[in-house]
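Listed below are the residues making up each chain.
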Amino acid sequence: MPKSVGKPGWRARLVEDLDAAGRRDPAARSRLELLLCYPGLHAVWMHRLAHRVWLRSGGRVPARLLSQLNRWLTGVEIHPGAVIGRRLFIDHAMGVVIGETAEIGDDVMLYHGVTLGGRSMQRVKRHPTLEDGVTVGAGATVLGPVTIGACAQIGANAVVVKDVAPRSVVVGVPGRARPVPSAPADTYDVWADPAIYI
């Protein structure tokens, strides 16, 4: 999942996040606008702090308090135990929920109202794993310890409870893979709006 080799410092990560968000949101006009006005970025940055505290001895309660502050400030609830890779962008942010054992790879994009939830009360891996380049549309729900393959797209309001193959498009309730028009691999647009497939 998220790679630990060669991680840049916090300033470089901040710039990396700003640039990634700028590439994914045509409404963004500048790094300053992104820095000040994008709660999805703020939520990810605050989660990074909460996650570091979570991993320390005695840090569980303080980390949960930070995550609650994050929820209050941004409308995004990310459990401090969740593992998140680089350049996650949460567009519009409000109402996103990411559970404790969720794992999110690099270059993932989530729209508002996404839930990465569990289906078990056991203390086991119970939340989804999103591999690199996944896009999850507005209002979609991904439940359980399923794996969403690299560059897959989950359509708006889909409910996914099974593994999804890489580069698939999944829509509906329950979520089902839909054929994707063939295109050369170098033209596959991983940032396309999943709503176009509904």
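Residues numbered from 1 in each chain as written. Predicted model: local features only at pLDDT ≥ 70, side-chain atom pairs only at ≥ 80, totals over all residues. Heavy atoms only, no water.

Novice: Sorry if this is basic, but what is going on with the overall build of the chain here?
Specialist: Across its full length, the chain holds four helices and 15 strands. Within the chain, the proportion of its 198 residues that are buried is 47%. For the chain, the exposed surface amounts to about 10100 Å²; the carbon and sulfur share of it is 58%. (Helix = DSSP H or I, 4+ residues; strand = E, 2+ residues; numbered from the N terminus. Buried < 20%, exposed > 50% of the residue type's maximum accessible area, 1.4 Å probe, protein only. Areas by Shrake-Rupley, 256 points an atom, 1.4 Å probe, with all protein chains shown as cover.)

Novice: Looking at this structure, how should I read the sheet that holds strand E2 (residues 83-84)?
Specialist: In sheet architecture, strand pairing relies on hydrogen bonds along the backbone and comes in two forms, parallel and antiparallel. The four strands are arranged E2-E5-E8-E11 in an open sheet whose pairing can be described as parallel. Looking at the sheet topology across the chains shown, the edges are occupied by E2 and strand E11 (147-148). In the sheet, E2 pairs with strand E5 (residues 103-104) via two bridges, with the strands oriented parallel. Within E5, the residue paired with valine 83 across the bridge is glutamate 103. (Pairing = 2+ DSSP bridges.)

Novice: What is the right way to look at the side chain of aspartate 106 in this model?
Specialist: With respect to the secondary-structure elements, aspartate 106 resides in the loop between E5 and strand E6 (109-110). Aspartate 106 gets classed as buried once you look at its relative accessible area, which sits at 8%. At 2.7 Å, the side chain of aspartate 106 and the backbone nitrogen of arginine 86 are in polar contact. (Polar contact = N/O pair within 3.5 Å; in protein donor to acceptor, adjacent residues only side chain to side chain.)

Novice: I would appreciate a short explanation of the sheet that holds strand E4 (residues 97-98) in the present structure.
Specialist: Reading across from one edge, E1-E4-E7-E10-E13 is the order of the five strands in this open sheet, with parallel pairing throughout. Two strands close off the open sheet at either side, each with one partner strand: strand E1 (77-78) and strand E13 (159-160). Examined bridge by bridge, strand E10 (residues 141-143) and E13 share two bridges and lie parallel to one another. Residue threonine 141 lies in a different strand from E13, and its bridge partner there is valine 159.

Novice: How should I be thinking about helix H3 (residues 39-54) in this particular structure?
Specialist: Since the α-helix advances by 3.6 residues per turn, residues separated by three or four positions end up pointing in the same direction. Over its 16 residues, H3 runs 22 Å from end to end, which matches the ideal 22 Å to within 8%, given 1.5 Å per residue. Every buried residue of H3 is listed here: Gly40, Leu41, Ala43, Val44, Trp45, Met46, His47, Ala50, His51, Val53 and Trp54. On its buried side, H3 packs onto helix H1 (10-24), helix H2 (31-37), helix H4 (60-74), E1, E2 and strand E3 (89-90). (Expected span 1.5 Å × (residues − 1). Contact = heavy atoms within 4.5 Å.)

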